[in-house]
Amino acid sequence: MQTEIVVAGFGGQGVLFTGQLLAYAGMDEGREVTWIPSYGPEMRGGTANCTVVISNEEIGSPMVEHPTAVIVMNRPSLDKYESMVKPGGVLVINESMVDRPAERKDIKVISVKANEIAEKLGDKRMTNMVLLGALIANLPVLPLEAIEKALKGHLPERHHKLLPQNYQALREGEKYKVN
Amino acid sequence: MQTEIVVAGFGGQGVLFTGQLLAYAGMDEGREVTWIPSYGPEMRGGTANCTVVISNEEIGSPMVEHPTAVIVMNRPSLDKYESMVKPGGVLVINESMVDRPAERKDIKVISVKANEIAEKLGDKRMTNMVLLGALIANLPVLPLEAIEKALKGHLPERHHKLLPQNYQALREGEKYKVN
Amino acid sequence: MTINELDSMVYTRPDSLTDVSTHYCPGCTHGTAHRLIAEVIDEMGLKDRTIGVASVGCSVFAYNYFDTDFVQAPHGRAPAMATGVKRVYPDRMVFTYQGDGDLASIGMAEIVHAAARGENITVFFLNNTNYGMTGGQMAPTTLPGQVTTSSPNGRDVETQGYPIRTAEMLAKLDGASYVVRRSLHDPKNIRLAKKAIRTAIEVQMRGLGFSLVELLSICPTNWGKTPAEALQWLEEKMVAYYPIGDYKVHPAVAEIK
Amino acid sequence: MTINELDSMVYTRPDSLTDVSTHYCPGCTHGTAHRLIAEVIDEMGLKDRTIGVASVGCSVFAYNYFDTDFVQAPHGRAPAMATGVKRVYPDRMVFTYQGDGDLASIGMAEIVHAAARGENITVFFLNNTNYGMTGGQMAPTTLPGQVTTSSPNGRDVETQGYPIRTAEMLAKLDGASYVVRRSLHDPKNIRLAKKAIRTAIEVQMRGLGFSLVELLSICPTNWGKTPAEALQWLEEKMVAYYPIGDYKVHPAVAEIK
Amino acid sequence: MARELMKGNEAVAEAAVRAGLAAYFGYPITPQTESLEYLSRRMPELGRAFVQAESEVAAINMVYGAACTGQRVMTSSSGPGISLMQEGLSFIAGTELPMVLIDVQRGGPGLGNIAPSQADYNQIVKGGGHGDYHPIVLAPASVQESVDLTVLAFDLAEKYRSIVAVLSDGSIGQMMEPCELPPMQPLKTSFPDWAVSGAKGRERRFLTSINLNPAMQEEMNLRLMYRWQEVEANEVRYKEYYMDDAKFAVVGFGSTGRVALSAVRAARAEGIPVGLIRPITVSPFPSKVLEELSKQVEGMLVLEMNAGQMLEDVLIATHGQVPVEFYGRMGGVCVLPEEALREIKRLVKGPLTTTGHPRDRWLNRIAKKN
Amino acid sequence: MARELMKGNEAVAEAAVRAGLAAYFGYPITPQTESLEYLSRRMPELGRAFVQAESEVAAINMVYGAACTGQRVMTSSSGPGISLMQEGLSFIAGTELPMVLIDVQRGGPGLGNIAPSQADYNQIVKGGGHGDYHPIVLAPASVQESVDLTVLAFDLAEKYRSIVAVLSDGSIGQMMEPCELPPMQPLKTSFPDWAVSGAKGRERRFLTSINLNPAMQEEMNLRLMYRWQEVEANEVRYKEYYMDDAKFAVVGFGSTGRVALSAVRAARAEGIPVGLIRPITVSPFPSKVLEELSKQVEGMLVLEMNAGQMLEDVLIATHGQVPVEFYGRMGGVCVLPEEALREIKRLVKGPLTTTGHPRDRWLNRIAKKN
Amino acid sequence: MPLKGRVVVNETYCKGCEVCVAACPQKVLGLAYDHITAKGYHPATLIADGCTGCGICSVVCPEAAITVYREKSGESRESEGGR
Amino acid sequence: MPLKGRVVVNETYCKGCEVCVAACPQKVLGLAYDHITAKGYHPATLIADGCTGCGICSVVCPEAAITVYREKSGESRESEGGR
Ligand SMILES: Cc1ncc(C[n+]2csc(CCOP(=O)(O)OP(=O)(O)O)c2C)c(N)n1
Ligand SMILES: Cc1ncc(C[n+]2csc(CCOP(=O)(O)OP(=O)(O)O)c2C)c(N)n1
Ligand code: SF4
Ligand code: SF4
Ligand code: SF4
Ligand code: SF4
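So, a few notes on the structure that sits alongside this text. Just so we're clear, the structure is a prediction, and the values are computed from it rather than from any experiment.

With that out of the way, let us pick up the overall build of chain G. Across its full length, chain G carries two helices and four strands. In chain G, the succession of helices and strands from N to C terminus is β-α-β-β-α-β. When each of the 83 residues of chain G is scored for burial, the buried share is 55%. Put simply, 57% of the contacts in chain G that link residues at least 6 apart link residues at least 24 apart.

Contact residues are listed per partner, giving 72 residues for chain E and 72 residues for chain F. Note on chain E versus chain F: buried area summed over both sides is about 5,700 Å², and carbon and sulfur give 59% of it. Viewed at the interface, chain F and chain E are joined by four salt bridges. A salt bridge links E:Glu218 to F:Arg329; the nearest nitrogen and oxygen atoms lie 2.7 Å apart. The greatest single-element share of the side of chain E that touches chain F, amounting to eleven residues, is contributed by helix H9 (residues 214–234) of chain E.

Time to look at the site of ligand 6. As a matter of local geometry, ligand 6 sits amid H:Cys14, H:Lys15, H:Gly16, H:Cys17, H:Glu18, H:Cys20, H:Ala44, H:Cys61, H:Pro62, H:Glu63 and H:Ile66. Residues of the shell around ligand 6, tallied by class, amount to seven nonpolar, one polar and three charged.

Further remarks concern unusual backbone geometry. Glycine aside, the phi torsion of most residues is negative, and most peptide linkages are trans. Cis geometry is adopted by the peptide bond preceding F:Pro31, which originates at F:Thr30 and carries an omega value of 5°. You can see F:Pro31 is positioned in the loop between strand E2 (23–26) and helix H2 (33–45). Residue F:Pro351 is bonded to the preceding F:Gly350 through a cis peptide linkage, with omega at 0°. Tracing the chain through its elements places F:Pro351 in the loop between helix H13 (337–349) and helix H14 (358–369). The residue F:Tyr242 is not glycine, and still its phi comes out positive at about 55°. Mapped onto the elements, F:Tyr242 comes out in the loop between strand E10 (238–241) and strand E11 (248–251). Phi is positive for H:Ala64, which is not a glycine, with a value near 50°. Turning to its location among the elements, H:Ala64 is positioned in the loop between helix H2 (56–60) and strand E4 (66–70). The buried category is assigned to H:Ala64, whose relative accessible area is 3%.

Our focus in this paragraph is the interface of chain G and chain A. Accessible area lost on assembly of the parts is the figure often given for the size of an interface. Taken together, the contact pairs five residues of chain G with five residues of chain A. Taken together, the two surfaces of chain G and chain A that pack against each other cover about 310 Å², and 55% of this comes from carbon and sulfur. It is G:Ile36, G:Lys39 and G:Tyr41 that lose the most area in chain G upon contact with chain A, and together they represent 71% of the buried surface on that side. Where chain G packs against chain A, one counts zero salt bridges. Taken together, the residues of the side of chain G that touches chain A break down into three nonpolar, one polar and one charged.

Turning next to the pairing of strand E3 (residues 49–52) of chain E. All names here are of chain E. Because side chains alternate across E3, one face comprises the buried residues Ala 49 and Val 51, and the other comprises Phe 50 and Gln 52, equally buried. Of the strand pairs in this sheet, strand E2 (residues 23–26) and E3 are connected by four bridges, and their pairing is parallel. In the sheet register, Phe 25 faces E3, and the bridge partner there is Val 51. The parallel pair E2 and E3, bridged by helix H2 (residues 33–45), forms a crossover whose chirality is right-handed.

Structural alignment of chain E on chain F gives an RMSD of 0.0 Å, achieved by rotating through 180° and translating 0.0 Å along the axis. The relationship between the two copies is best expressed as a two-fold rotation axis. Looking at the rotation axis and the C-alpha trace of chain E, the residue lying nearest is E:Gly128, at 1.8 Å. Of the residues that chain E buries at the interface, 100% are likewise interface residues in chain F, meaning the two copies contact each other through the same surface.

What counts, and at which threshold
- Residue numbers run consecutively from 1 along every chain, following the written order of its sequence.
- Naming scheme: in the order in which they are written, chains are lettered from A and ligands are numbered from 1.
- Confidence filtering applies because this is a predicted model: local features only for residues at pLDDT of at least 70, side-chain atom pairs given and counted only at 80 or more, and all residues used for totals across whole chains, interfaces and linings.
- With hydrogens and water excluded, all non-hydrogen atoms of the structure serve as input to the side-chain values.
- Strands here are runs of E lasting at least two residues and helices are runs of H or I lasting at least four, both read from the DSSP assignment and numbered beginning at the N terminus.
- Three exposure classes are used, based on accessible area relative to the maximum for each residue type with a 1.4 Å probe and protein chains only: buried under 20%, partly exposed in between, and exposed over 50%.
- Throughout, a residue-residue contact means that at least one pair of heavy atoms, one from each residue, lies within 4.5 Å.
- By definition, the buried area sums, over both parts, the 1.4 Å-probe accessible area that each loses when the two are put together.
- Salt bridges are defined as contacts in which a side-chain nitrogen from Lys or Arg sits within 4 Å of a carboxyl oxygen from Asp or Glu.
- Residues are counted as near a molecule or strand when any one of their heavy atoms sits within 4 Å of it.
- All amino acids are sorted into three groups, where Ala, Val, Leu, Ile, Met, Phe, Trp, Tyr, Cys and Pro are nonpolar, Asp, Glu, Lys and Arg are charged, and the leftover types, Gly among them, are polar.
- Pairing between strands requires that DSSP locate at least two bridges from one strand to the other.
- By the criterion used throughout, a crossover qualifies as right-handed when its path from the first strand across the helix to the second strand runs clockwise, the strands pointing away from the viewer.
- Least-squares superposition aligns the copies on the C-alpha atoms of those residues with pLDDT at or above 70 in both.

Right, dumping it as structure tokens:
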């Protein structure tokens, strides 16, 4: 059983860290994982994305044409990745930064005004956690607790005071479970 | 018909020019020719040698294991080249700089105290011409006149005053015809 | 507010910049330097006689932003490439645009020799004390004690060497006609920088030989500062180590202005 | 004349030279420089703690002549190679021996950076105004108007650039502790050269950083002169362009002697 | 030992440290820079030598100098930087010195881009520098393998007085994967009898790559060649997957070999009898293995992120005994498992031939598609 | 026109001048320096650009700059210098610019020596620089051919926007032979529509080798490959000697091909039915020709002054259809006609095989002799 | 009477770096927090009256994003921002 | 009383460059035109009396070919050629 997840957005939106969190959580749960990034020429701004593979056996390719799930954090990412999601897969959209609905009908689409939610929780930087919560709620790959554990284990010590807020952001996202 | 001639000695003895003269003379006589040098690390002093091939048809290799004729201008050159001369070939030795006789019996050996002769003619730098004269006298490859013509044609203008002396050096060498 | 037909335009984007948004980080003074050079090219009417040479660094895509002919050099080799261009077209304006890693590290031989040859080109040398494009490593210009991704405990001069004052060093070469340092940290210095850029290009167009303008610049992203903080750091720390000034002004150049 | 048992030996070939005849041309001062360095190594007792770095040029075979450990660097890269050796063995005496083509042309980046890093090595820089080994082409040090095989009409500074005064330029670097120029054209200057060589090595052994001795040298073969004429040309022409002197003496070095 | 999630470039750096790396010299270049950054902290902390050189030219020559002492030394770079090292590498080969080179390939030629590629295979394997010499080249396909092969690289370098290159690419260098690090080895304290150190208590030594006497230089060339024959005899490494009953074989190295594994699995799931050969040493190339396999299988498919470079080694090894097809992506585009699977199916469907060049067939095929 | 006795290096320089060379940039290195020296006088006298660069790195980048103008430009060097040019060459290839490179090979690796060699075949032909690109490589065997191929090199460079290398060696560069020089062509006055010159009266242009978008970079890589297929289709050149009725074939390029001719003649004189194929373009390699011949002859002998580099191209071209044997000299030692003849006789005597690597057989054979 | 000016920020170029905001002697520039550009930045904008058209913002703007206008009445005076 | 010295030229090294000949303040050095060394040079030699053992020849000799002796009597004085 192998699950591939792409996280895509602007640089600075926490795209790469979101993916790493999934990878850490997967590894800590005893699964095989890979995380691989890709970015544009910009040091700041520009686009960034990463692919995470979580599997029960030795992982072949760390990249795939058709990922099981995608989180898009801005409009260019939606345009690029919508068509790639594997039929039956999951697409999580940050509605705050995307001004059109998804077109695919053969996948599960979850739209979340994540910026607004994060800002309401007091920190725009938690947008990615909201979206990750929404993904986990709709993709049977890892329990939310694994993500929380990974967050605690791999967030630099000096940021630990932000943990409760992050947990809350994940829970807010989790509410977007779609059937 | 192909003739290969090696000229070998110290740098500064006019080794390379002697070879070039043969090449010019050959070319001017309408033959195919090649001239190829080889030298050690020293900019001045050290050893130097060159191989000239004169032929009636397109020349293959510009170097050979067993040249038809060799002029050796010092002892190290004799040690290196004596054994290489093609059986029946010609070996011209500058006796002034070589303190042993040749050992080969299957080749024509001509020993000339060329330094002394040149100094007697007034210029040590003509040693090579003496030896060349001796070679031409014993190797039916080109007439001496061809060498003289080449000398006139290719010696830089400013040295033309030395031409008569050079001709004389060639003639002195020519006297060492061996049967 | 609407624009009134009767209003006069005090400033607008120079013609010699293309209509393209840059990839530079917010606040990065690479943009400022581009703008100044473009303004001078406009003012001197050189847009269609200019061939720029981009280098490797954040400014590698300079050719996307200048609306002139351009070529793009391997890391550090812009002065050599500019030499090749200039020798074929001695009457064109040929300039290189290089970062401090590019010019003062890997490209040291090429810049010294372009200067020594008195190569009639103009060099714009952006000194931001680090390697921006590759993520903020130590450059030859990194200040003693400065933390970068490859001097994580601060540049230790004992093992990692001393910063190079490039303009001062190049000024020692007979072939160099105009070598100055300016800074991009405030309006006054930006104006002075533009003047120097203009002089440097004049030097070339009059055939007076090698000209170079070192421009103190910021890299807010890799310095981990906001643009405002970065500009202040430049003013406080960099200018002290890299004094603004004229290091070589050939007598013939002094006449220009 | 026979040698009397009672006579004292005033001078004999230094221990740190091997018993090998050099490939240098008659009169070439490469030999002189070798001898002086070997004498200093003898005097300082460093023969078994020294690692030399030969460069590419006529002195490429220096390892045949010095009776110490040696390595041989690619053209111009001796300072980098010496850095590699020195970083592994900080307490050994590591020196490079480089010609002017090697050091000031192709190796410019490496020498500037070794100096800027304050790399604790000693560099002997033989300036003979041309490329000896390859047959006398123009070097960065060739004098204006000087005829070489690649400046057949005399070096034209307009197209071929100006000579580089290397010592003066390197002296501008903070990492350089001792940078001087000496000459090998007469007994007095040879003695002064030896003193400088000694000081340079002392600088290294005391851990004071980068030291370099530029030695004005002759190339009779490619200059088309007898050794005597060449020495005279050096004295008359080269010294005027390349003044003998101390260009950088770090205060800590001044104490040495 | 615990598995850690590490970025390939950092894992390689730490592996080198644990293998006893005494001196590192490098210059930043994406996608390799994390190794240099990591070592800029780690080496000084252990009292070992680290220099950020002024260029790759300087870096390789610092390595050259340090290698002359017989210590374990390394540099790392990518495309343009590796090109700049070619002179130094040739000198190191000519001086018969051990060293480790990490090459994290990116898209080229020229400045190209920073995405993964395998287009520098020929440069590393066939000799980008002048003169006849053969580096040993190890091609990892994962972070763990990068770690393991880096350690092996130091051992082989010493054993054969050879350059050992770890031929990685941007995907492996930038990827994070769980991996297990090797135990910490102490620094070397005894050195071979060719190493320089100052001539204390022994004859002095020198190391050089010049030999003006052609006959003597030829002896040296022959020594290198005979040593290379030994390497070919002893050091070939590769991995086989599903080859026992395979009627078709995919050949791919490094990250492409890994992608191929996904595709082979998918093909097996569809009942296609295909296996995979993944050379670990691309130099020495597992020629004998492929020659043997060419008798077993009906066709081979070579997959690379280039225009068919290892392909030619496959062709030489199989010398017309089996049809070979090729598929490649270039310019930083990775082969994806789905397209690799399509290519396997195409191979199985045929037609197959042993004449003409597989590269031409590939180019003509994709030209039609465009 | 009159034949002149000229040194190879000077003849090449004058040929380039007559082909319309507008700018030369170089750095002295034996055995190539005479070209640079010659042009240091000749170019300024004609008002053309000549710069003795500070290094080969600078020289190739000056060439890069000048090539961007669409003018005819050239550099020349040997082993170590060519290695230093690899980054620049890869950039030039990546920017699709025409240029001519003269490589006068010498013994290596490392500083090696200044005697003739062919050990840089792989470096030039297979790509010493990073990334997928193929220079056109012409291999002259005489001074006259050096002249002719230098002129051709400029034409091909422009036709295919390609690097064209003239792969010579120390013997051809240092040799004097009579040769006929081509007529003087004027300098170009019109330039292709990609060349920079200042944007007067037209859209501005830029030339670069960077392309961060892998898909776009791949397009560029494919363009290079398709262009290369054209080159392979149109530009293969070689010379055949005595092949009509040959039962055996010798394959050798450049000066070794010429030595082989002496040997083949001697063999024919003894009644041995042997012929010679001398590739003029070693890249594109005359693969089709060799493939065809592999049906005609009973065995092939590859002769090189290296450890078997072109050999591998012969193996790929003949893919096991004919037994191939190899003989090489290295380190600046030239193959002499007498030993080439001995090798021909050995070939004829057999035994012959198509398995194993001819290089191994050669090494094992000469090992026994030593 | 103070000069009256206007600035227009081109949102294709502006990256909200606030360098102009800090440099403006009249403190009339700020970021438009209510919207983001296509590149994801809050662009600079006039947030108060009092722009004199001095042009200093355009002198410091790294993106050449600002066009500065001044009412005709002030035309005769040399612009402070002129270079 | 002038010092008395002697020099011995090692013919393995000497290349007859005459630098010592020119430098000798006593003009007692010259080349031995009657023979050549293995490398083909006329080596330097003492051609007259009067060598003071000052050692200047050895200071200038590029080949370190010269060994200089001085009669014991002069030992106490610092050698001029010492360095
Ligand atoms: C030969 C080579 N080495 C290394 C690199 C990687 N590289 C790209 S940009 C850069 C540093 C640029 O720094 P700088 O010149 O200071 O410019 P900045 O990015 O700071 O503007 C490096 C090392 C390269 N492209 N080529
Ligand atoms: C990369 C490279 N380029 C060129 C050469 C050829 N080369 C050998 S020695 C030399 C010049 C040496 O001149 P210099 O350093 O002045 O020393 P000198 O011979 O005058 O003592 C050159 C260019 C080389 N060996 N390697
Ligand atoms: S990384 Fe630094 S130099 Fe590069 S664009 Fe960003 S701020 Fe400017
Ligand atoms: S060529 Fe010149 S530098 Fe070289 S050994 Fe001869 S005289 Fe000395
Ligand atoms: S300075 Fe320019 S880019 Fe920065 S906020 Fe102001 S208008 Fe925008
Ligand atoms: S100086 Fe030395 S080498 Fe020259 S002649 Fe005198 S002894 Fe001989």
